[in-house]
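# Results of the structural survey
Listed below, chain by chain, are the residues.
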Amino acid sequence: GRGASGEADFHRARMRLSLQEKLWQFYRERVSIPAEEQATARRAALDICAELRIFLHAKLPDMPLREMYLSGSLYDDLQVVTADHAQLMVPLTLEKNLWSSIPGEDTIMSLPGFWLIRRENVEYFPRGSSYWDRCVVGGYLSPKSVLELFEKLVAGSINWPAIGSVLDYVIRPVVPSETLTLEVQYETNRRLYVDFLPLLVMDDGVSLIAKPHRLAAERHQNLWRQSFRVAETTRLRALDQEDDGCRCTCLKVAKAVCKLNPALARLTSSQLTNAILLLSEREGDWTQEALADRFLQLLRSLVGHLEDGRLPCALVPRVDLLCELTPAEVDELGYTLYCALSHPEGLLAQ
Ligand code: GDP
């Protein structure tokens, strides 16, 4: 017959099998969003985007912007549970000779992953030479001030009730909000939140977004956040394509778990994506059959990163993706995930 260790292996295999089944069931029933729901949400976002384009062109023809576009998980098939949010990217154009970018690690804040945008050549091109000079604070382009400018326009001078009634939506700006967000009620029970996200694309391809540092100390207020989202999701998808892997599925399950468990709500898609990318560097088997093993390994690696107090960005390792959590939050997340390791099914029961 089977020895004690064989017995234990068999038992573990059965446990794993059932976690595997539960994960796929959870994926089908809770995580993935029906195509129709996604399409309706995208339609609503697109309608709003079109209205904003018309408004901004008409009202502020000299504001140096490139064409706005929609982005986010809703467009990458990485949104989970409900189709309820999207980002409206608003690319600002900056005059080459008037601005320079300074990486956060070279500043007094010593913060990789964040940047300052300094106004240059004021002697030759005095204040007012650039449209964006109105958003300069203490010599730097202030993302906060850029957001406030849009807030005045978008929340203050657009007649959203009128536009909403034409489009057959209920639209209202969300106040107060960290960034600028529109709430769109597009069916009786469906709400979509559209974040307005001003964006700078630098010459070297670095993208910076006007999303404030979460622990917004005074000295952090001028920092622009480097966005790795496009590169991260592209890499994840490419790896899956190479081996027909389950990394994106694993990410979506983890995102849903965090969305449905309040104690894990602080974990972001970017942290989860990078943890999976780092795991992919040392783990080769991402076949669909390995989902439960990889999911457990992801939980364990997150516990490890939280214990270290550091989660390096897979693309730029000096960037620490835990830098916006307080030590107490890091502890709480670590503890919650550590407890979940012995009973991972509990995470799917919400
Ligand atoms: P989800 O919101 O968890 O479903 O994940 P997403 O992948 O859609 O990430 C959206 C979040 O990433 C938002 O909080 C954005 O502020 C932030 N973000 C950072 N860079 C980008 C970017 O280039 N595009 C978009 N859409 N969001 C970005």
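Here is a short report on the structure shown in this document.

Definitions and cut-offs
- Sequence order as written defines the numbering, with residues in each chain counted from 1.
- Predicted model: local features are reported for residues with pLDDT of at least 70 only, side-chain atom pairs are reported and counted for 80 or more only, and whole-chain, interface and lining totals are derived from all residues.
- Note: side-chain values were computed over all heavy atoms of the structure, leaving out hydrogens and water.
- We count a stretch as a helix when DSSP gives it H or I for four or more residues in a row; a strand needs E for two or more, and each element gets its number in order from the N terminus.
- When we talk radius of gyration, it's over C-alpha atoms, and the globule rule is simply 2.2 Å times the number of residues to the 0.38.
- To sort residues, take the accessible area from a 1.4 Å probe on protein chains only and compare it with the maximum for the residue type: under 20% means buried, over 50% means exposed, and anything in between is partly exposed.
- Contacts are assigned to residue pairs with any non-hydrogen atoms lying within 4.5 Å of each other.
- Computed with a 1.4 Å probe, the accessible areas rest on the Shrake-Rupley method; for each residue, only the protein chains presented here act as cover.
- Positive charges are assigned to Lys and Arg, negative charges to Asp and Glu, while His and the chain termini are left out of the count.
- For charged residues, the charge sits on one atom: NZ in Lys, CZ in Arg, CG in Asp, CD in Glu.
- For each residue, the test is whether any non-hydrogen atom lies within 4 Å of the molecule or strand; if one does, the residue is near.
- Counting of polar contacts relies on pairs of N or O atoms within 3.5 Å, with two restrictions inside protein: one atom must be capable of donating a hydrogen and the other of accepting it, and residues adjacent in sequence are counted only when both atoms are side-chain atoms.
- A strand pair is defined by DSSP finding two or more bridges across the two strands.
- Each reported salt bridge corresponds to a side-chain nitrogen of Lys or Arg within 4 Å of a carboxyl oxygen of Asp or Glu.
- Orientation is described by lines fitted to C-alpha atoms, with helices fitted over the stretch in contact, and by angles between N-to-C directions that extend from 0 to 180 degrees.
- Angles are sorted into four bins: roughly parallel if under 35 degrees, roughly antiparallel if over 145, roughly perpendicular if 65 to 115, and oblique for all others.
- Handedness of a helix crossing follows the sense of rotation of the near helix relative to the far helix, less than a right angle counterclockwise being left-handed and clockwise being right-handed.
- Amino acids outside the nonpolar list (Ala, Val, Leu, Ile, Met, Phe, Trp, Tyr, Cys, Pro) and the charged list (Asp, Glu, Lys, Arg) are all regarded as polar, and Gly is one of them.
- We call a set of buried residues a nonpolar core when its members are Ala, Val, Leu, Ile, Met, Phe, Trp, Tyr or Cys and they connect through side-chain atoms within 4.5 Å of each other.
- When the centres of two rings from Phe, Tyr and Trp lie within 6.5 Å, Trp using its six-membered ring, the rings pair. Their planes under 30 degrees apart give stacked, over 60 give edge-to-face, and anything left gives tilted.
- Over a ring means this: the NZ of a Lys or the CZ of an Arg is within 6 Å of the ring centre and within 35 degrees of the ring normal.

### Some remarks on the overall build of the protein
- Along the backbone of the protein there are 10 helices and 11 strands.
- Against the globule reference of 20 Å for 350 residues, the protein gives a C-alpha radius of gyration of 23 Å, in line with a compact fold.
- With the principal axes as the frame, the protein shows a C-alpha extent of 85 × 50 × 40 Å.
- By residue count, 49% of the 350 residues in the protein fall in the buried class.
- For the protein, the share of sequence-separated contacts (at least 6 apart) that also reach a separation of at least 24 residues comes to 63%.
- Carbon and sulfur atoms provide 53% of the accessible area of the protein, an area that totals close to 17200 Å².
- Of the charged side chains in the protein, 39 are positive and 47 negative; the average position of the first set lies 1 Å away from that of the second.

### Some points on the site of the ligand
- Of all residues adjacent to the ligand, which total 13 residues, the nearest are Ser 71, Ser 73, His 85, Ser 227 and Ser 269.
- Ser 73 places a polar side-chain atom, nitrogen or oxygen, 2.6 Å from an oxygen atom of the ligand.
- Between Lys 211 and the ligand, the recorded distance is 2.8 Å, taken from a side-chain N or O atom to an oxygen atom.
- In isolation the ligand has 570 Å² of accessible area, and contact with the protein removes 79% of it.
- At three residues, the largest contribution of residues to the shell around the ligand is made by strand β2 (residues 85-92).

### Comments concerning the pairing of β2
- Buried residues dominate β2, accounting for seven of its eight residues.
- Examined bridge by bridge, strand β1 (residues 69-71) and β2 share three bridges and lie antiparallel to one another. Counterpart to Ser 71 in the pairing with β2 is Gln 87.
- Here eight bridges tie β2 to strand β9 (residues 190-201), and the two strands are oriented parallel to one another. If you follow Leu 92 over to β9, its bridge partner there is Leu 200.

### Let's talk about the pattern of salt bridges
- Counting across every chain of the model gives 20 salt bridges.
- The shortest N-O distance in the salt bridge between Lys 252 and Asp 77 comes to 3.6 Å. Highlighted residues: Lys 252 in helix α7 (residues 247-260) and Asp 77 in the loop between α3 (73-76) and β2, separated in sequence by 175 residues.
- Judged by relative accessible area, which is 4%, Lys 252 ranks as buried.
- Between Glu 187 and Arg 190 there is a salt bridge; the shortest N-O distance is 3.5 Å.
- What you see here is one network of salt bridges that share partners, running through Glu 36, Glu 187 and Arg 190.

### Quick word on the pairing of strand β7 (residues 170-174)
- In the sheet, β7 pairs with strand β8 (residues 180-187) via five bridges, with the strands oriented antiparallel. Bridging across to β8, Val 170 finds its partner in Gln 185.
- Between β7 and β8, which follow one another and run antiparallel, lie five residues.

### Observations concerning the packing of α7 against helix α9 (residues 291-308)
- The N-to-C vectors of α7 and α9 enclose an angle of 55 degrees; their axes lie 10 Å apart at closest approach. Accordingly, the angle class assigned to the pair α7 and α9 is oblique. In this structure, α7 meets α9 at a crossing whose hand is right-handed. The segment α7 lies against α9, with Thr 249, Cys 250, Val 253, Ala 254 and Val 257 engaging Leu 291, Arg 294, Phe 295 and Leu 298.
- Across the contact of α7 with α9, the residue classes break down as seven nonpolar, one polar and one charged.

### Some remarks on the packing of helix α2 (residues 35-59) against helix α4 (residues 143-157)
- Here α2 crosses α4 at 110 degrees, and the two axes come no closer than 12 Å. With respect to α4, the axis of α2 lies roughly perpendicular. In this structure, α2 crosses over α4, and the sense of that crossing is right-handed. Seen from α2, the contacting residues are Leu 52, Phe 55, Leu 56 and Lys 59; seen from α4, they are Leu 153, Val 154 and Ser 157.
- Here the residues of the contact of α2 with α4 sort into five nonpolar, one polar and one charged.

### Quick word on the nonpolar core
- Counting 52 residues, the largest nonpolar core has Leu 52, Trp 132, Leu 141, Phe 150, Trp 160, Leu 192 and Trp 224 as its most contacted members.
- For this core, the secondary-structure elements that each account for two or more residues are α2, β2, β4 (114-119), α4, α5 (160-167), β8 and β9.
- If you look at the next biggest cluster of nonpolar residues, it comprises 51 residues, including Val 81, Leu 278, Leu 299 and Leu 302.

### Some details on the packing of aromatic side chains
- For the structure on display, the rule yields three aromatic pairs.
- Between Phe 150 and Phe 196, the aromatic rings sit 5.4 Å apart at their centres with planes inclined by 55 degrees, giving tilted as the arrangement. Pair noted here: Phe 150 is in helix α4 and Phe 196 is in strand β9, with a separation of 46 residues, a long-range link.
- You can call Phe 150 buried: its relative accessible area is 0%.
- One cation-aromatic arrangement involves Arg 119 over Trp 99; the distance from NZ or CZ to the ring centre is 5.7 Å.
- The ring of Tyr 131 is capped by Arg 134, whose NZ or CZ atom sits 3.6 Å from the centre of that ring.

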